[in-house]
Amino acid sequence: MTYEPVEANMFFQFIYDLYDKSAFILTSNKGPSDWGKFLGDPTLTAAILDRLLHRSEILTFDSEADSIRMKYRKTIFEDQTVES
């Protein structure tokens, strides 16, 4: 899935508006090297990443940790059964 230029520009404007004004958490299943293709505009992507990565704390999880959410979601339902 790639974004249209209008959506990528809106995302840039959102990041630009927050830049140096607010703290926020952004999660992605794409690495920075994949964002150009995803957003459809390498130049705009560079500007977005420049603002996002400046003074950022980057946390990277290995493939096992990536599925922690689903692991815990499954444990919620393991003990329950549905009877007809």
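Residues numbered from 1 in each chain as written. Predicted model: local features only at pLDDT ≥ 70, side-chain atom pairs only at ≥ 80, totals over all residues. Heavy atoms only, no water.

Points about the confidence of the model for the chain
Model confidence for the chain is summarised by a mean pLDDT of 78, while 68% of its residues fall at 70 or above. At the low end of the mean pLDDT range in the chain sits helix α4 (residues 63-66), at 56; at the high end sits helix α3 (residues 42-53), at 89. (pLDDT = per-residue confidence, 0-100. Helix = DSSP H or I, 4+ residues; strand = E, 2+ residues; numbered from the N terminus.)

Focus: the side chain of T45
Secondary-structure assignment places T45 in helix α3. Residues contacting T45, with those up to four places away along its chain left out, are W35, G36 and L39. (Contact = heavy atoms within 4.5 Å.)

Here's the deal with helix α1 (residues 5-18)
Relative to the 20 Å expected for 14 residues at 1.5 Å per residue, α1 spans 20 Å between its end C-alpha atoms, a close match to the ideal helical length. Of all the residues in α1, the buried ones are A8, F12, I15 and L18. All buried residues of α1 lie within an arc of 130° about the axis, which places them on one face of the element. Opposite the buried face of α1, by more than 90 degrees, sit the exposed residues V6 and M10. Where the residues of α1 are buried, they touch α2 (35-39) and α3. (Expected span 1.5 Å × (residues − 1). Buried < 20%, exposed > 50% of the residue type's maximum accessible area, 1.4 Å probe, protein only. Arc of directions from axis to C-beta.)

Observations regarding unusual backbone geometry
Even without a glycine there, the phi angle at D20 is positive, about 65°. By the secondary structure assignment, D20 is in the loop between α1 and α2. Using a relative accessible area of 53% as the deciding quantity, one classes D20 as exposed. Positive phi outside glycine occurs at R55, with the angle close to 55°.

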